[in-house]
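# Close look at the chain arrangement
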Amino acid sequence: MLLLMPLTLWAAKNDLKPRLVVCTDIAPADVEPDDMESMVRLMAYADRFEIEALITSVGWNCDPYPLEWQQYLFRVITAYAKDVPNLMRRSGQKKHLSLKKENGQQKLGYWPSAKYITSRAVMGSMYGGIKAIGERNDSPGSELLIRLADEDDPRPIYVAAWGGANTLAQAIWRVKQTRSDDEVRNFVRKFRLFTITDQDMQYSMRMNRAYSSHMWLRKDFANDLQFIWDEGAWQEQCELGKQHWAQHQQHIQGHGALGQEYPNYKWGVEGDTPSFLYVMPNGLNDPEDPHQCGWAGYHERGLCADSLTTAWTSWHEPVCSISVGYKRRFYPDELNDFCARMQWAAEGKGNRNPQVVVTPLHMTAKAGDTIRLDASKSKDPDGDGLTFLWWQQPEIGRTKVTIEQSDQAIATLRIPADAKDDTIHLICEVHDDGPFHLVAYRRIMIAIKR
C-alpha cells in the first residue's frame, strides 16, 4: 500500500522568497570583473530572492577594501532601475509596493524597486582576517545583519560570501559581547553561509587558513552554523563560462542596461554565482539539505582543506568530481535561463519557464510497491510544448530504482522487494520547446518503510 504525505517544501511556504545577503568584494573590471558579472545576474533574478543586504567588503584582491569600489555596485543597481519595468512584464507586475511594505516579506515573483535595493546596499568589514574582528570592526553591514536576525521572521538568512564573510563574523562577535550563550546560538542558527573558497585574506596568503575568520566560524559554531565551503562548483562555473563565452557575448552583453554593465572576463566567468544558485527556488534542491544536488553542484559534510574544521565541502574526491559533474549537467540550462531573462530586460518580452505540477512530492512506500509518478498537469505559460525526464539522484539513499516511461509525463517505478528503511530522491525535469528551451524541476522524496 502507498501512503501519500502533504507538500511541505521550503519554497512553497506562503510563496515567500528566500532571504539572501551578499558579501561582495566588487571591483573594477580590470581588477576582478566576476563580481560585477554575478551582480548583473543577481539583479536579473531579483524576483526570486528577498535581497536583504548587499554588503561591500574585503576579499582576495582588496584588504583593505577601497571605498571608491562601491560605485560598481551602484552602477549595477542603476542599470536595474532602467530595466526593471521590462522585467516586471515577465510576471505581469504593474507597480512596486511602498518601501515600507518592501521592507517586509516579499513573495516569489515580485520585482523590488531600485530604491529598496539601494537602501540595502551598505559597507561591511574593510579589513580581513580573524585579527580584524573586535571593537573597531563594526560596520553598517554587521549592524544590518544583527537587525535582520532579530526580526520576527522564521525564514533562515542565506549569506553568499563572494569575498570574505568577515562582516558576518563581526556581527556574531558583537552579539557574543552582550547576549547569553543560548541567545548567541539562536542568533547564529538564523544564518546559512556559502563561501566561494576562503577569501577573508589576501590571495597571496590564501593557504594560511588560520588567518581567516572563516576558520573561527567553522570551529566555534560547528553545530550551529550551516557552513558550505565551496571549492569545486565555483571553479567549474568559471571554466564553463569561458567555454560558453560566445553565448554571453551574443545573449547577455549589451542586452538592456544590465547587459551594458556585464564586463568581459579576466580570470573566469561568474565564479561567485554558485553561492546564490544554491538558494535558487527552481524546484531542484532545498538549500536546507546540502546533500541535494542543484545548480551549485553537490557538497558533503567532511574535513575542510585546513585539516582542522568540518563543513559542507566539495574539495575532496569523490565529492569534487560529483559536484563538477552536476555543474556540467545543469550549466546549459542555467545559462539559457539567464539569457532568456536578459531578453526580458532588454525587450520586455520573451520566454518563461514551464510550471511543473507533480503530486504528491512526499511519499511513503513499502518494499514491492509500484508507484505512479504523474506530472501530466504541468503546463507552460506561453503554450509551448513540454518534454519530460524522470531520474534518481544516486547519492541519496541505498536503494536504486528503474523508472519506466522516464521520458513521459506519467512514469512508474517499483520499489525493490529487499528495500527497507531508506529514502530515495527523484527529479522530474521538464523543458519547453520555446526559445532557449527553458527548464523547471520538482523533487520527489520517497520514504521506504519496512
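Quick note: structure is the one above.
The structure contained in this document is the topic of the report that follows. (Residues numbered from 1 in each chain as written. Predicted model: local features only at pLDDT ≥ 70, side-chain atom pairs only at ≥ 80, totals over all residues. Heavy atoms only, no water.)

Let us now look at the overall build of the protein. Looking only at helices and strands, the protein has 13 helices and 16 strands in total. Taking 22 Å as the expected radius of gyration for a compact globule of 450 residues, we find that the protein reaches 22 Å, a close match to that expectation. By principal-axis analysis of the C-alpha atoms, the protein measures approximately 65 × 50 × 40 Å. A total of 450 residues make up the protein; the buried ones form 61% of that total. Contacts in the protein between residues far apart in sequence, at least 24 positions, make up 74% of those at least 6 positions apart. Per element, the accessible surface of the protein, about 17800 Å² overall, is 50% carbon and sulfur. (Helix = DSSP H or I, 4+ residues; strand = E, 2+ residues; numbered from the N terminus. Rg over C-alpha atoms; globule rule 2.2 N^0.38 Å. Buried < 20%, exposed > 50% of the residue type's maximum accessible area, 1.4 Å probe, protein only. Contact = heavy atoms within 4.5 Å. Areas by Shrake-Rupley, 256 points an atom, 1.4 Å probe, with all protein chains shown as cover.)

Below, the discussion takes up the nonpolar core. Counting 78 residues, the largest nonpolar core has Met39, Leu42, Met43, Phe49, Leu54, Tyr80 and Leu258 as its most contacted members. Considering each element in turn, this core owes the most residues, 11 residues, to helix 13 (residues 319–347). Apart from residues no more than four positions distant in its own chain, phenylalanine 49 is found in contact with Lys17, Pro18, Leu20, Leu42, Gln106, Phe276, Val279, Met280 and Pro281. Counting residues in hydrophobic clusters, the runner-up holds 34 residues, among them Leu144, Trp173, Phe227 and Cys304. (Core = buried A, V, L, I, M, F, W, Y, C linked by side-chain atoms within 4.5 Å.)

Per the stated rule, a full pass over the model turns up 16 aromatic pairs. Between tryptophan 60 and tyrosine 203, the ring centres sit 4.8 Å apart and the planes meet at 80°, which makes this aromatic pair edge-to-face. You can see tryptophan 60 sitting in the loop between strand 3 (50–56) and helix 2 (70–88) and its partner tyrosine 203 sitting in the loop between strand 6 (191–196) and helix 8 (213–220), a full 143 residues away along the chain. Given the relative accessible area of 11%, tryptophan 60 is considered buried. (Phe/Tyr/Trp six-rings, centres within 6.5 Å; stacked < 30°, edge-to-face > 60°.)

What follows is about the pattern of salt bridges. Counted by the stated rule, this structure contains 26 salt bridges. With a closest N to O distance of 3.0 Å, glutamate 239 and lysine 242 form a salt bridge. Of this pair, glutamate 239 and lysine 242 both sit in helix 9 (residues 233–243), 3 residues apart, which is roughly one turn of the helix. For arginine 372, the salt bridge identified is with aspartate 374, shortest N-O distance 3.2 Å. Under the relative-accessibility criterion, arginine 372 is labelled exposed at 51%. Put simply, Arg19, Glu50, Glu52, Arg120, Glu151, Asp153 and Arg155 are held in one network by salt bridges that share partners. (Salt bridge = Lys/Arg side-chain N within 4 Å of Asp/Glu carboxyl O.)

All right, on to the side chain of serine 125 then. Along the polypeptide, serine 125 turns up in the loop between strand 4 (121–123) and helix 5 (140–150). Look at serine 125 and you get buried, because its relative accessible area is 1%. In this view, serine 125 contacts Ser57, Val58, Asn137, Ser139, Asn166, Thr167 and Gln170; residues no more than four positions away in its chain are not counted.

With that out of the way, let us pick up the pairing of strand 16 (residues 439–449). The two faces of a sheet get side chains in turn, since along a regular strand they alternate between them. Counting buried positions over the 11 residues of strand 16 gives 9, a clear majority of the element. Pairing geometry for strand 10 (residues 362–366) and strand 16, over 5 bridges, is parallel. Each bridged residue has a counterpart across the sheet, and for histidine 362 the counterpart in strand 16 is methionine 445. Strand direction decides the pairing type here: strand 15 (residues 422–432) and strand 16, joined by 10 bridges, are antiparallel. (Pairing = 2+ DSSP bridges.)

Let's shift gears to the sheet that holds strand 2 (residues 19–24). Strand order in the open sheet made by the 8 strands is 4-3-2-5-6-7-9-8, with mixed pairing throughout. Of all strands in the sheet, those with a lone pairing partner are strand 4 and strand 8 (300–303), marking the two edges. Sheet twist, expressed as the mean angle between neighbouring strand axes with direction ignored, is 30°. Bridging between strand 8 and strand 9 (residues 310–313) involves 4 bridges; their strand directions are antiparallel. From the neighbouring strand, arginine 301 faces strand 9, where its bridge partner is tryptophan 312. (Axes fitted to C-alpha atoms, helices over the stretch in contact; angles between N-to-C directions.)

With that out of the way, let us pick up the sheet that holds strand 11 (residues 370–374). One open sheet holds the 3 strands; their spatial order is 11-14-13, and the pairing between them is antiparallel. Both edges of this open sheet fall to strand 11 and strand 13 (403–404), since each of them pairs with a single strand only. Strand direction decides the pairing type here: strand 13 and strand 14 (residues 410–414), joined by 2 bridges, are antiparallel. Among the inter-strand pairings, glutamate 404 is bridged to a residue of strand 14, identified as threonine 412.

With that settled, the discussion passes to the environment of aspartate 422. By the secondary structure assignment, aspartate 422 is in strand 15. On a C-alpha basis, the gap between aspartate 422 and valine 357 in space is 25 Å, while along the polypeptide they are 65 residues apart. Not counting the four nearest positions on each side in its chain, aspartate 422 is found in contact with Gly397, Arg398, Thr399, Ile446, Ala447 and Ile448. Within the local environment of aspartate 422, its side chain forms a polar contact with the side chain of threonine 399, the two groups lying 2.7 Å apart. (Polar contact = N/O pair within 3.5 Å; in protein donor to acceptor, adjacent residues only side chain to side chain.)

Turning our attention to unusual backbone geometry. A cis amide bond links aspartate 63 to the next residue, proline 64, at an omega of 10°. Residue position: proline 64 is located in the loop between strand 3 and helix 2. Cis geometry marks the peptide bond from glutamate 317 to proline 318, where omega comes out at 5°. One can find proline 318 in the loop between strand 9 and helix 13.

A word on the packing of helix 6 (residues 166–176) against helix 8. Between two packed helices, what matters for the description is the angle formed by their axes and the separation of those axes. Interaxial distance between helix 6 and helix 8 falls to 9 Å at its minimum, and their mutual angle equals 50°. Classed by the angle they form, the pair helix 6 and helix 8 counts as oblique. Where helix 6 crosses over helix 8, the handedness of that crossing is left-handed. Taken together, the residues of helix 8 that come into contact with helix 6 (itself represented by Asn166, Ala169, Ile172, Trp173 and Lys176) are Ser213, His214, Trp216 and Leu217. (Parallel < 35°, antiparallel > 145°, perpendicular 65-115°, else oblique. Left-handed = near helix turned anticlockwise from the far one by under 90°.)

Two numbers describe how helix 1 (residues 34–44) lies on helix 13: the axes approach to 10 Å, and their chain directions differ by 70°. What the angle tells us is that helix 1 and helix 13 run roughly perpendicular. Our pair here, helix 1 against helix 13, has a crossing hand that is left-handed. Two secondary-structure elements touch here, helix 1 through Val40, Arg41 and Ala44 and helix 13 through Glu334, Phe338, Arg341 and Met342. For the contact of helix 1 with helix 13, a count of residues per class yields 4 nonpolar, no polar and 3 charged. (Nonpolar A, V, L, I, M, F, W, Y, C, P; charged D, E, K, R; others polar.)

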